[in-house]
Amino acid sequence: MNEQPVLTMKDIARELGISVATVSRALHDSPRISEEKRRMVQQYAREHNFTPNVLAESLRHSRVQPSRVIGVIVPEFTHYYFSSILTGIEEAAIVRGYYIMVALSNETYEREVRICEMFHRLKVCGVIVSQAKDTRRYDHFQKLLDSQIPIVFYDRICTGVNASRVVVDDYMGAFTAVQHLIETGCRRIAFYGSPMQLEISKNRFNGYKDALLKRGLPFDEHLVRICDNRQDAELITPDLFDGDYYPDAFFAVNDDTAIGILYTVKRMGLRVPEDISICGFTNGQRAVACDPMLTTVEQRGKRVGEEAAEILIDKVEGLLPMDSIEKRVVRTRLVIRGTTR
């Protein structure tokens, strides 16, 4: 008796007139696929006795046993944003049968290089990374790509390497936030940002600057500071109030920096938001734990992590070509609370 041929995801895709990637996501209950398509694919799979582990079986019988471990590089753990991204990566990976190995670069190039070398030796199936602040050379990333280990950047993308990326709409998030400050009567808005070699810093700065220009307000470089943590914010903020020309609002690159500004100006005897308005960028747990609660731009870190994991796994499983460059943008949302008028 002839053995019945094994049904594959490609067969299902051909029969239903959809892509293999759509079939895979529907079988794994991905929220990126509509409920109608998920039901259609899952019903077809049940009726034809298809089980998703057919792919796993074919991989086990291949010459090279592929790893089911994804390497993840995090610059630091202090920010709620990075922990929420990790949650998104891990949840999406587990659904697809993968696990994550997390390493901390601690914002240093040298440590980032060593982590990439370790991931290469361990033969992880791919790497998801947000680059360190002081990274200027990118050979360690290129080496992974040359070894057919896919990379997906998140948050801080590397423009020196042609790889897939998932970012939030930094420019529009900053533009919307500064526009809100202007609409509520602020005219001298200070900007606290990260080092300008980072793309997120450039994009948020450009959003800040363009919002001023669109509303006919002058750009004043004396109101711009490289400052992206609470400690530095508490040190430098009083300097901006020396003299007669001082800010009436602050837009900060993250919530921790914004909270540092908040408590500093309060200690100086200024009222928030009556005298000074403040807006951050993250919408982490600390944004609702301060007094008053912080107006901020929500980054949706969990969604960023999910998108990054899906791109990487799709490349590993051949649902996306290894050399394809996926660029996805997650929309931001302004959350208005008590630190703005």
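The rules we used
- Residues numbered from 1 in each chain as written.
- Predicted model: local features only at pLDDT ≥ 70, side-chain atom pairs only at ≥ 80, totals over all residues.
- Heavy atoms only, no water.
- Salt bridge = Lys/Arg side-chain N within 4 Å of Asp/Glu carboxyl O.
- Helix = DSSP H or I, 4+ residues; strand = E, 2+ residues; numbered from the N terminus.
- Buried < 20%, exposed > 50% of the residue type's maximum accessible area, 1.4 Å probe, protein only.
- Contact = heavy atoms within 4.5 Å.
- Phe/Tyr/Trp six-rings, centres within 6.5 Å; stacked < 30°, edge-to-face > 60°.
- Lys NZ or Arg CZ within 6 Å of the ring centre and 35° of its normal.
- Pairing = 2+ DSSP bridges.
- Axes fitted to C-alpha atoms, helices over the stretch in contact; angles between N-to-C directions.
- Parallel < 35°, antiparallel > 145°, perpendicular 65-115°, else oblique.
- Core = buried A, V, L, I, M, F, W, Y, C linked by side-chain atoms within 4.5 Å.
- Disulfide = S-S within 2.5 Å.
- Left-handed = near helix turned anticlockwise from the far one by under 90°.

**Focus: the pattern of salt bridges**
Under the definition given, this model contains 22 salt bridges. E107 is paired through a salt bridge with R156; the nearest N and O atoms lie 2.7 Å apart. On the criterion of sequence distance, the pair formed by E107 in the loop between β2 (99-104) and α6 (109-122) and R156 in the loop between β4 (151-154) and β5 (164-168) is long-range, its members being 49 residues apart. Like E107, the residue R156 is buried in the burial classification. Taken together, the shared-partner salt bridges connect E91, K302, R303, E306, E307, E326 and R328 into one network.

**So, the side chain of Q179**
Mapped onto the secondary structure, Q179 falls in helix α8 (residues 170-183). We classify Q179 as buried; its relative accessible area is 19%. The contact partners of Q179, leaving out residues within four places of it in the chain, are A211, K214 and R215.

**A closer look at the packing of aromatic side chains**
For any pair of aromatic rings, the description rests on two quantities: the centre-to-centre distance and the angle between the ring planes. Enumeration over the complete set of coordinates arrives at 13 aromatic pairs. Considering the side-chain rings of Y81 and F82, the 5.9 Å spacing of their centres and the 45 degrees angle between planes classify their relative orientation as tilted. Comparing Y81 with F82 shows no difference in burial state: the two are buried. Look at Y171 and F175: their rings are 6.1 Å apart centre to centre, the planes differ by 20 degrees, and that puts the pair in the stacked class. With a gap of 4 residues between them, Y171 and F175 both fall in helix α8, about one helical turn apart. Taking NZ or CZ as reference, R188 lies 5.8 Å from the ring centre of Y246, over its face. Taking the ring centre of F219 as reference, the NZ or CZ of K209 above it sits at 4.7 Å.

**Points about the sheet that holds β2**
Taken in spatial order, the 6 strands make up an open sheet running β2-β1-β3-β4-β5-β11, and their pairing is parallel. Each edge of the open sheet is held by one strand with a lone partner, namely β2 and β11 (327-330). The sheet shows a mean angle of 20 degrees between the axes of neighbouring strands, taken without regard to direction. Pairing of strand β1 (residues 69-74) with strand β3 (residues 126-129) involves 4 bridges; the strand directions are parallel. Bridged to I73 within β3 is V129.

**What about unusual backbone geometry?**
Cis geometry marks the peptide bond from V272 to P273; its omega dihedral reads 10 degrees. Here P273 lies in the loop between α11 (255-267) and β9 (277-282). Of the consecutive residues D291 and P292, the connecting peptide bond is found in the cis state with omega at -5 degrees. Locating P292 in the fold gives a position in the loop between β9 and β10 (295-298). For D155, which is not glycine, the phi dihedral falls at a positive 60 degrees. For D155, the position within the fold is in the loop between β4 and β5. Given the relative accessible area of 5%, D155 is considered buried.

**What to know about the packing of helix α2 (residues 20-27) against helix α3 (residues 35-47)**
With their axes 9 Å apart at the nearest point, α2 and α3 run at an angle of 85 degrees to one another. The angle between α2 and α3 places the two elements in the roughly perpendicular class. Of α3, the residues touching α2 (which contributes T22, V23, A26 and L27) are K37, R38, V41, Q42 and A45.

**Points about the nonpolar core**
Of all hydrophobic cores here, the largest spans 65 residues; its most connected members are I70, I128, I189, Y208, F250, F251 and I278. Ranked by residues supplied to this core, first place goes to helix α5 (residues 80-95) with 7 residues. V127, F141, L144 and C158 belong to the second-largest nonpolar core, a separate cluster that totals 18 residues.

**Some points on the state of the cysteines**
Within the structure shown, the criterion is met by 0 disulfides. Between C125, a free cysteine, and C116, which holds the nearest cysteine sulfur, the sulfur-to-sulfur gap is 14 Å. C125 sits in the buried class, given a relative accessible area of 11%. With no disulfide of its own, C186 lies 10 Å from the sulfur of C279, the closest cysteine sulfur.

**Here we look at the packing of α8 against helix α9 (residues 199-214)**
At a minimum axis separation of 7 Å, α8 and α9 run at an interaxial angle of 35 degrees. The handedness of the crossing between α8 and α9 comes out as right-handed. From α8, D170, Y171, A174, F175, V178, Q179 and I182 reach across to α9, where they touch I200, N203, R204, N206, G207, Y208, D210, A211, L212 and K214.

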